[in-house]
Amino acid sequence: MHLTHELELFPGYKVTQMLFKEVKNAAELRQCAVEGKINGALINPTMLVNPFQVLVAANKAVNSQNNGKMKTRSLYSEIIFNLSPTNNISEAFKRFGCSDGDDSVLVVLIHNEDESQLLADLTARVSGRQVPVEEVSSLTDHAKVKKLYKVTQEEEKSGTLLDAVVCRMAAKDVM
Amino acid sequence: MAKEKSMAAIPEFLSKAELLKQGAEARVYRARFLGRPTIVKERFRKQYRHPLLDEKLTHRRTVQEVRSVLRCRRAGISVPVVYFVDYTSHSIFLEEIVGSSTVRDHIASSPPSARCEGLEPLAERVGQVLARMHDEDVIHGDLTTSNMLLRCGPEDGVSELFLIDFGLSYISALPEDKGVDLYVLEKAFLSTHPHTEALFQRLLKSYAAASKKSSAVIKKLEEVRLRGRKRSMVG
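A short tour of the structure in this document, coming up. Every value quoted in this text rests on a predicted model; they were computed, and no experiment measured them.

### Considerations on the interface of chain A and chain B
Quoted interface sizes are often the accessible area lost when the parts come together.
Point 1. Contact with chain A, which involves 31 residues of that partner, is made by 32 residues of chain B.
Point 2. Summing both sides of the interface, chain A and chain B together bury roughly 2,800 Å²; the carbon and sulfur share of this comes to 63%.
Point 3. Counting every contact that joins chain A to chain B gives 1 salt bridge.
Point 4. The salt bridge partner of Glu154 of chain A is Arg132 of chain B, with a shortest N-O separation of 3.4 Å.
Point 5. Put simply, chain A and chain B have 9 residue pairs in polar contact (both at pLDDT 80 or more) between them.

### Quick notes on helix α8 (residues 197-210) of chain B
Residues and elements named next belong to chain B.
Point 1. End to end, α8 covers 20 Å across 14 residues, agreeing with the expected 20 Å (1.5 Å per residue, within 8%).
Point 2. For α8, the full list of buried residues reads Leu199, Phe200, Leu203, Leu204, Ser206 and Tyr207. Burial along α8 is one-sided: seen end-on, the buried residues are contained in an arc of 160°. The outward face of α8, more than 90 degrees from its buried face, is lined by the exposed residues Ala198, Lys205 and Ala209.

### Digging into the sheet that holds strand β9 (residues 160-163) of chain B
Residue and element names in this part refer to chain B.
Point 1. Within the open sheet, the 3 strands sit side by side as β6-β8-β9. Their pairing is antiparallel. Sheet topology places β6 (100-102) and β9 at the edges, where each strand pairs with a single neighbour. In this sheet, adjacent strand axes meet at a mean angle of 30° when their direction is disregarded.
Point 2. Pairing geometry for strand β8 (residues 148-151) and β9, over 4 bridges, is antiparallel. Following the sheet pairing, Met148 is matched in β9 by Leu163.
Point 3. Each of β8 and β9 is contacted by helix α6 (residues 120-135), which is oriented at about 45° to β9, the strand it contacts most.

Analysis parameters
Residues numbered from 1 in each chain as written. Chains lettered and ligands numbered in written order. Predicted model: local features only at pLDDT ≥ 70, side-chain atom pairs only at ≥ 80, totals over all residues. Heavy atoms only, no water. Contact = heavy atoms within 4.5 Å. Buried area = accessible area lost by both parts, 1.4 Å probe. Salt bridge = Lys/Arg side-chain N within 4 Å of Asp/Glu carboxyl O. Polar contact = N/O pair within 3.5 Å; in protein donor to acceptor, adjacent residues only side chain to side chain. Helix = DSSP H or I, 4+ residues; strand = E, 2+ residues; numbered from the N terminus. Expected span 1.5 Å × (residues − 1). Buried < 20%, exposed > 50% of the residue type's maximum accessible area, 1.4 Å probe, protein only. Arc of directions from axis to C-beta. Pairing = 2+ DSSP bridges. Axes fitted to C-alpha atoms, helices over the stretch in contact; angles between N-to-C directions.

Below, the structure written as structure tokens:
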């Protein structure tokens, strides 16, 4: 169901993603996140193409934290910021963070021990149905993603949407 | 985690990765990153340079490389996907194009007798891709047949042509720079693959047909051939 990946660059840092559909309490979750009560990033899955995209953002966030060069105030807000193709932090939150009316949410956790307790705690907070993370591609709003990341027609012909998105996320600091 | 230990995350990771090659500029490794086969290009410190200059130069080259790759990608040119860039260690993590071989090996392995005819379609494609790249004002800077990869497509499918190693690349609209880019390829091509003049001519023809700004570029190429590059004939 959930997907856990240990970052190769930062052994001991595990990134777990959980996807929920039919979420009824998005507003409450968002409030908890803002108050720092949830130890995770709440992402709007319609802006995601693939779980790999989240891994790229998480890896970059951990690296920035490691170098003392985060642009936002916490590791979790940094993940959300990294997903965005622009450097505007509030815009990143608006577009990629979960909003009050959302009916699906992808939760990202970064942890280093056995996660079963953490996952159970989080699952309990979400009033929704947990589904395999791979299903996130069925939730993707392709048109919105293409528009936001400014994916060109030629690009779509020669590569996948995921390629285009990941490249922009990686090159954001210098474009 | 102690600060010193965590600061060395990437060097630590690379020390366990497979070193593919070491050039004057950078070391290239192969590793698994975020679950995918990845190539890591690390521009290491040059002790012989003044540290401040070294930092600026290395940073600039890293940035140029990333920008060029993204620019090519936006134009629909097949280039590896950039997964992650770390500006502290000047490392670029890119997609490894698995199941590919260099155009160099491809040409070298084809029988000399049939060489020119069989490889014509390839030469045409290379010309087209380079035209596309130059029309985007991307100068590769190190065009050789070793920096072009062919990945076999499905059974009867067409293979995909990739450009790699944008380490010396930059953005320029000048026909002179594009002409020199082609000149570098011509020299490399003809010296690596003897008796392929006709093939290279095919490539140039294809380039000229595909590029909107080709006539000025070809003209410059001819000029550079006569005088050699980096000779401003002044003085």
